[in-house]
Amino acid sequence: MSIPAAEHAPGLAPAGGIAARARGLTKAYGSGETAVLALDSVDVDIARGRFTAVMGPSGSGKSTLMHCLAGLDTVSAGQVWLGDTEITGLKDRELTRLRRDRIGFMFQSFNLIPTLNAVENITLPMDIAGQKPDQKWLDQVIDTLGLRDRLKHRPSQLSGGQQQRVACARALASRPELIFADEPTGNLDSRAGLEVLAFLREAVDQLGQTVVMVTHDPGAAAHSDLVLFLADGRIVDEMERPTADAVLERMKRFDVIRAQSDGGSGPRGDSTDAPTTGTLGTDADGTDVKEK
Ligand SMILES: Nc1ncnc2c1ncn2[C@@H]1O[C@H](COP(=O)(O)OP(=O)(O)OP(=O)(O)O)[C@@H](O)[C@H]1O
């Protein structure tokens, strides 16, 4: 169930360690009549050691939020911190190093190097950085992800789910402060998607990692501890201990509001990706494959 607004503003952590935070985060694309306000003065805390999902209709600003929090995109106004480091204002070079050393990434397309085998892909970012992996940690990650007997395989010799597990291990290898996953199950069938979600969950529960995942899928969001809901570039709600059904119900309300306000179309994209009951179908806890 949604947390009543009276307790604290949606997106702000009540207590505990903060892995990343933003204040007044604003991102505009373009200028003049074609300008789009992708993020509208967002205040958000990402709690350390938790699994946070970000949901919202298409064009609501989910990817932009992730990119700005991860230092992959510049902001128009406001401030972003990773831990105690303010990243807004860092030079490109410093940002590159910060991303490399302190953040792990997973994307819908697994982004593995086809000519490298699994273990080479996993350690590639650290190799590029000239860092030696902590072998004990690496072993733990590899075993947690069930990749021990696949380490010498190239991506083409692995299933989609296994490839995403390699990408997950690559994101975890340097023991980053924060892992950003953008639709990590978007290219997987529901079984492989479930597997990856379970591993992300384990990364949080057993390895103490912090994960932020953008998703369109209520079933995927149900694996998180907290769902942040974005609409029109703002965090409008949050849900602790989400279930797929509760997330789906919340997403449907965006459809209703949109239908009431603009008849179903607007400047931020002319469709919502809030799933219908049908997309959940057989796997309320699973994932559905979404075209982007
Ligand atoms: N590079 C860009 N140039 C111009 N507008 C952009 C750019 N990137 C995003 N936008 C706009 O900013 C808004 C937010 O986009 P964003 O991709 O963050 O939304 P999203 O919630 O991730 O959408 P989706 O669920 O469809 O992936 C949209 O209106 C989008 O059209």
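Residues numbered from 1 in each chain as written. Predicted model: local features only at pLDDT ≥ 70, side-chain atom pairs only at ≥ 80, totals over all residues. Heavy atoms only, no water.

Identification of the protein as ABC transport system ATP-binding protein from Streptomyces rishiriensis is taken from an unreviewed UniProt entry.

Novice: Describe the sheet that holds strand β10 (residues 234-240), and please don't skip the residues or the numbers.
Specialist: Taking strand neighbours across the sheet as the criterion, the six strands line up as β6-β7-β8-β3-β9-β10 in an open arrangement whose pairing is mixed. At either end of the open sheet lies a strand with only one pairing partner, and these are β6 (103-106) and β10. Shown here is a sheet whose adjacent strand axes are inclined to one another by a mean of 20°, direction ignored. Note that strand β9 (residues 226-231) and β10 share six bridges and pair antiparallel. What sits directly across from phenylalanine 229, in β10, is aspartate 237. (Pairing = 2+ DSSP bridges. Helix = DSSP H or I, 4+ residues; strand = E, 2+ residues; numbered from the N terminus. Axes fitted to C-alpha atoms, helices over the stretch in contact; angles between N-to-C directions.)

Novice: An account of the pattern of salt bridges is needed here, citing residue identities and associated values.
Specialist: Within this structure, the stated rule accounts for 14 salt bridges. Of the charged contacts in the structure, one is a salt bridge between arginine 165 and glutamate 195, with a shortest N-O distance of 2.7 Å. With arginine 165 in helix α5 (residues 160-173) and glutamate 195 in helix α6 (residues 190-205), this residue pair connects regions lying 30 residues apart in the sequence. For arginine 165, a relative accessible area of 11% gives the class buried. The salt bridge involving aspartate 237 is made with arginine 250; its shortest N-O contact spans 2.7 Å. With aspartate 237 in strand β10 and arginine 250 in helix α8 (residues 244-262), this pair connects stretches of sequence that are 13 residues apart. Take aspartate 237 and arginine 250: they sit in the same class, and that class is buried. Here the salt bridges share partners, and the residues they tie into one network are Asp139, Asp143 and Arg148. (Salt bridge = Lys/Arg side-chain N within 4 Å of Asp/Glu carboxyl O. Buried < 20%, exposed > 50% of the residue type's maximum accessible area, 1.4 Å probe, protein only.)

Novice: Describe the pairing of strand β1 (residues 18-29), and please don't skip the residues or the numbers.
Specialist: Both β1 and strand β2 (residues 36-47) contribute to a ladder of eight bridges, which runs antiparallel. Within β2, the residue paired with alanine 20 across the bridge is isoleucine 46. Counted between consecutive antiparallel strands, the loop separating β1 from β2 contains six residues, among which glycine 30 sits at a positive phi close to 70°. Pairing analysis gives five bridges linking β1 to strand β4 (residues 77-82), with the strands arranged antiparallel.

Novice: Lay out the sheet that holds β4 in plain terms, naming residues and giving numbers.
Specialist: Strand pairing in a sheet takes place through backbone hydrogen bonds and is either antiparallel or parallel in direction. Taken in spatial order, the four strands of this open sheet run β2-β1-β4-β5, and their pairing is antiparallel. What marks the edges here is a single partner per strand, and that holds for β2 and β5 (85-86). Strand direction decides the pairing type here: β4 and β5, joined by two bridges, are antiparallel. Counted as the bridge partner of tryptophan 81 is glutamate 86 from β5. Across the face of the sheet, helix α1 (residues 62-69) comes into contact with β1, β2 and β4 while running at roughly 60° to β2. (Contact = heavy atoms within 4.5 Å.)

Novice: Any chance you could break down the site of the ligand for me, citing the residues and the numbers?
Specialist: In the region of the ligand, 14 residues are neighbours, and Ser58, Gly59, Lys62, Thr64 and His216 sit closest. The contact in question runs from an oxygen atom of the ligand to an N or O atom on the side chain of lysine 62, over 2.7 Å. Contacts to the ligand include serine 63, whose backbone N or O atom sits 2.9 Å from an oxygen atom. With the chains in place, 66% of the 630 Å² that the ligand exposes on its own is no longer accessible. Residue assignment for the shell around the ligand shows that the elements contributing at least two residues are β2 and α1. Among the elements that take part in the shell around the ligand, α1 stands out by supplying three residues, more than any other. Within the shell around the ligand, the residues separate by chemical class into four nonpolar, seven polar and three charged. (Near = heavy atom within 4 Å. Polar contact = N/O pair within 3.5 Å; in protein donor to acceptor, adjacent residues only side chain to side chain. Areas by Shrake-Rupley, 256 points an atom, 1.4 Å probe, with all protein chains shown as cover. Nonpolar A, V, L, I, M, F, W, Y, C, P; charged D, E, K, R; others polar.)

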